[in-house]
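Each chain, written out:
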Amino acid sequence: MTQAGTAWPALEFTDLLANPSGERPFPLIGDLPCLYPDPAARISLWRRRWRNELQQLEAEQARLKPAVAAAQGASRDRLKQRFDGLSGQRRLLEQVLAPLLNQQSPDAGAAGALAMNPDPGWYRYDANPFRDWCWGEAENAATLSQLLLALTDRPQHVLQLGSGAGRLAYDLHRSLEPAMTVAVEHNPLLALLGAQLAEGGTQQLWEFPLSPISVADTAVQHTLSRPAHHGPLQTGLITVLADVLSLPFRPGQFDLVVTSWFSDICPAPVPWLCTTIGALLRPGGLWINHGSAAFDSATIQDCGSLTELLAIAEQAGLSLSYAADVDLPYLQSPYSRQQRIERVGTQAFRKPASALTPEQLTPFEPRRPNWAEDATVPIAASRAFAEQREASALRTFILSMVDGKRSRRDIAEQLAARGILPAADAEAALTELLLTIQQ
């Protein structure tokens, strides 16, 4: 909930709202509070990442242009469809990201941004906005239904961690009509887009299905919006940009905490997540967890199972009050040949009314090394750093031989002669690496 070595944060609900003079104690990106411990550094990082991503789109478009001109028939149609999509996507993403890109802070070079932060998380979740606000009504309705089945009373203060493109937070706020719903997201594109659409705005974006049904489905332009039959949304839905490892909320003030497709990818171990959510809840409050039980972690011991989650939540003082497994559609784009059904679990955990007060709690800190908390502490030369250093050095050496003179076989022979790769595998491995970079 807070960084190690610091006091508990004390943000109240009212702190998220502008005071009579319109001021707030934190910077805004558009209308979204940026609640990171060092917001200026975070905003600068996001701007570098997204400027680089926009440049990558432009570069791919430039590479496609001669291919479109040289192709014929269906191949030309497919390439032209993607080229047109890329042309429009860069402009449309700039529209959504304008509140971030227009922030006044120095830029780093694109190469530096790519080296330090190669993945902004957008392309891992690029189907989510379309599911949330275009073609995913069946999945959205089924997800909301599962969460409502787990509820026994109407909450007044709701928190969703990992709100993505914002549809579930919107549906919960519209259905439950609480005094306030706080949606926490770390991806500025998804957060800005979701907040805009929840308020009744529209936004065009291009979808690039991984397995398009037809040539025309190679790139599809959509207009994203909330359902036309929905009336005005009541006030109180607030999207914030924040780090789940440093949540700045006073504990014990939420009636309901929701995690949907989040606990399995949370960057902190499950015990930390359960303890943190327990602290956020008021006595008698409810945590509803929904999604996959395929936990993803850097270490195998943290890749737990649903059974382990139930036991860990109980150890954190949360009692199971509801559990269900249902087969639900998952990101079923009508323009893709991939139509996935997922066995989705929903669990509700109640915090006992006799639970300790926030003042009595000892925060459970995520496992962060000392150097991450104190800038003067030497960084331990761990095995993970050594492996990354060796991999980076090797990759740099290989790329240094791509000089416009050597062939693929020439470089593969050099790698085999130096003992870097077995002779039988060198050419195939080199080809795979270079194709990955070229794309």
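Please refer to the structure placed before this passage.
Source: prediction; values computed, not measured.

Caption draft 1: Expanded view of the sheet that holds strand S9 (residues 281–291). Taken in spatial order, the seven strands line up as S7-S4-S3-S8-S9-S11-S10 in an open sheet, and their pairing is mixed. The open sheet terminates on both sides in strands that have one partner only, identified here as strand S7 (237–241) and strand S10 (319–330). Averaged over all adjacent pairs, the angle separating strand axes in this sheet is 15°, with direction ignored. Inspection of the sheet shows S10 paired to strand S11 (residues 340–350) by 11 bridges, in the antiparallel sense. Bridge pairing links Val326 to Val344 in S11. Strand contacts of helix H8 (residues 270–280): strand S3 (157–161), strand S8 (254–260) and S9, with the helix running at about 135° to S9, the strand carrying the most contacts. Against the sheet, helix H9 (residues 306–315) engages S9, S10 and S11, with an angle of about 15° to S11.

Caption draft 2: Seen up close, the pattern of salt bridges. Scanning all chains against the criterion turns up 15 salt bridges. Residues Glu58 and Arg90 are paired through a salt bridge, measuring 3.9 Å at the closest nitrogen-oxygen approach. Residue Glu58 is found in helix H1 (residues 39–70), and its partner Arg90 is found in helix H2 (residues 73–101); the two are separated by 32 residues along the sequence. The class for Arg90 is partly exposed, based on a relative accessible area of 22%. Here Arg167 and Asp171 are joined by a salt bridge, their closest N and O atoms 2.9 Å apart. With Arg167 and Asp171 both in helix H6 (residues 167–176) and four residues apart, the pair spans about one turn of that helix. When its relative accessible area of 7% is taken as the criterion, Asp171 is described as buried. Through salt bridges with shared partners, a single ionic network connects Glu58, Arg90 and Glu94.

Caption draft 3: Highlighting the side chain of Thr181. Looking at the secondary structure, you find Thr181 in strand S4 (residues 180–185). Residues in contact with Thr181, not counting those within four places in the same chain, are Val158, Ala169, His173, Gly236, Leu237 and Ile238.

Caption draft 4: View of the packing of helix H4 (residues 128–135) against helix H5 (residues 137–150). Closest axis-to-axis distance for the H4/H5 pair is 7 Å, and the angle between their directions is 90°. As judged from the angle between their axes, H4 and H5 are roughly perpendicular. Judged by residue contacts, Arg131, Asp132 and Trp135 of H4 engage Glu137, Glu139 and Asn140 from H5.

Caption draft 5: View of the pairing of S9. Summarising burial for S9: nine of the 11 residues are buried, a large majority. Where S8 meets S9, six bridges bridge the pair, whose relative direction is parallel. Bridging across to S9, Phe254 finds its partner in Leu281. Chirality of the crossover, the property in question, places the unit of S8, H8 and S9 among those that are right-handed. Looking at chain direction, S9 and S11 are connected through six bridges and run antiparallel. Residue pairing across strands places Ile288 opposite Ala348, the latter belonging to S11.

Caption draft 6: Highlighting unusual backbone geometry. Residues other than glycine seldom take positive phi values, yet Glu177 does so here, at roughly 50°. Its place among the elements puts Glu177 in the loop between H6 and S4. In this structure, Leu331 is a non-glycine residue whose phi angle is positive, near 50°. Within the fold, Leu331 resides in the loop between S10 and S11.

Caption draft 7: The arrangement of the pairing of S4 in detail. For S4, the tally of buried residues reaches six of six residues, placing the bulk of the element in the interior. Residues Met180, Val182 and Val184 line one face of S4 and the alternating positions Thr181, Ala183 and Glu185 line the opposite face, and both faces are buried. Here five bridges tie S3 to S4, and the two strands are oriented parallel to one another. Each residue of the ladder has a partner; that of Leu161, found in S4, is Val184. After leaving S3, the chain enters H6 and then returns to the sheet as S4, a path that is right-handed. With five bridges connecting them, S4 and S7 associate as parallel partners. Within S7, the position partnered with Val184 by the bridge is Val240.

Reading the values: the criteria
- Residues numbered from 1 in each chain as written.
- Predicted model: local features only at pLDDT ≥ 70, side-chain atom pairs only at ≥ 80, totals over all residues.
- Heavy atoms only, no water.
- Pairing = 2+ DSSP bridges.
- Helix = DSSP H or I, 4+ residues; strand = E, 2+ residues; numbered from the N terminus.
- Axes fitted to C-alpha atoms, helices over the stretch in contact; angles between N-to-C directions.
- Contact = heavy atoms within 4.5 Å.
- Salt bridge = Lys/Arg side-chain N within 4 Å of Asp/Glu carboxyl O.
- Buried < 20%, exposed > 50% of the residue type's maximum accessible area, 1.4 Å probe, protein only.
- Parallel < 35°, antiparallel > 145°, perpendicular 65-115°, else oblique.
- Right-handed = clockwise from strand over helix to strand, strands pointing away.

By themselves, these figures tell us nothing about what the structure is for.
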